[in-house]
Amino acid sequence: TFTQLGRETIQVPELNAAINISQTRWQEFKQTRDNTLIPAILAGDIKKARGLAFGIQRERYEHFTSQINRAAAIAEREIYKLHSANARAVRWLSLILFSFHVLLLLILLIVIYKYFTHSLVRPLENLHQAILTLEQKKFDVSVPVTYQDEIGEISSRFNEMTRLLSEFYHELDTKVASATRECSL
C-alpha cells in the first residue's frame, strides 16, 4: 500500500507493516471473541464473559494505541525526511535563482556599459580627436553628429566653428596675399 502526503505519494514499508500487524491483530481479536466470548455468553456465564470482554477490550486498546503511536512515529520520521529533502531542494533552487539573477545583472551592466560607451564616450573621443586636428591648423575637420542630444549639439556647434574658422583664415590669407602684392608694387 501507499501513503499519500500532500500531493506526493510515497511508499513507506514500515508504516505498511504496522498497518498489516494491526489488521492481523484485529483478525486474532475476532477469533478470540468468536472462540471464547460468544460461547461464554451462550453458556450463560456472565462473569466469565464480562472478564473476557474486559480483557479483550483492554488488549485491543493497548495494541491499537501502541500501533497508532508507532505509525505516528514512522509518519513523523518520513515527513521529516521529506522536509529535509525539500529544504535541500529549496536551497539549491534559491542558489540557482540567485546565480541567474547575478548573471542577468551582469548582462544588464554590460549592455548599459556598451550603450554609454557608444552614445557618450565615442562622440567625446571623436570631438577630442577633432580638437587635436584643429590645433594643427587643419580646418577641414568635422565631427559626425549621431545623436540629437547635448553631445550632438556640441558636435554641431564645433562643426560650425571649424567652418567659420576656415572661412576666416581663408579670408585672412586672401587679404594678406593682396596686401603683399600691393606692397611689392
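For the structure, see preceding data.
Thresholds, definitions, all that
- Residues numbered from 1 in each chain as written.
- Predicted model: local features only at pLDDT ≥ 70, side-chain atom pairs only at ≥ 80, totals over all residues.
- Heavy atoms only, no water.
- Salt bridge = Lys/Arg side-chain N within 4 Å of Asp/Glu carboxyl O.
- Helix = DSSP H or I, 4+ residues; strand = E, 2+ residues; numbered from the N terminus.
- Buried < 20%, exposed > 50% of the residue type's maximum accessible area, 1.4 Å probe, protein only.
- Core = buried A, V, L, I, M, F, W, Y, C linked by side-chain atoms within 4.5 Å.
- Contact = heavy atoms within 4.5 Å.
- Phe/Tyr/Trp six-rings, centres within 6.5 Å; stacked < 30°, edge-to-face > 60°.

Visitor: An account of the pattern of salt bridges is requested, with residue identities and associated values reported.
Guide: Tallied over the full model, the rule gives three salt bridges. The residue R157 makes a salt bridge to E153 at a minimum N-O spacing of 2.8 Å. Taken together, the residues R157 and E153, both in helix α3 (residues 150-184) and four residues apart, mark about one turn of the helix. A salt bridge links R163 to E167; the shortest N-O distance between them is 2.5 Å. Here R163 and its partner E167 are both found in helix α3, four residues apart, which amounts to about one turn of the helix. Under the relative-accessibility criterion, E167 is labelled partly exposed at 38%. What you see here is one network of salt bridges that share partners, running through E160, R163 and E167.

Visitor: Which residues make up the nonpolar core, and what values do they have?
Guide: One finds L127, A130, L134, F139, V141, V143 and F158 forming the largest nonpolar core, which totals seven residues. No other element matches helix α2 (residues 46-135), which puts three residues into this core. Aside from chain neighbours lying at most four places away, what touches F158 is L127, A130, I131, L134, V141 and V143.

Visitor: Break down the environment of G152 for me, citing the residues and quoting the values.
Guide: Along the polypeptide, G152 turns up in helix α3. Separated by 28 residues in the primary sequence, G152 and L124 place their C-alpha atoms 9.8 Å from one another.

Visitor: Outline the packing of aromatic side chains, supporting the account with residue identities and numerical values.
Guide: Tallied over the full model, the rule gives three aromatic pairs. Ring centres of Y115 and F116 lie 5.5 Å apart, and the angle between their planes is 65°; this geometry places the pair in the edge-to-face category. A connected cluster of aromatic rings, assembled from ring pairs, spans F139, F168 and Y169.

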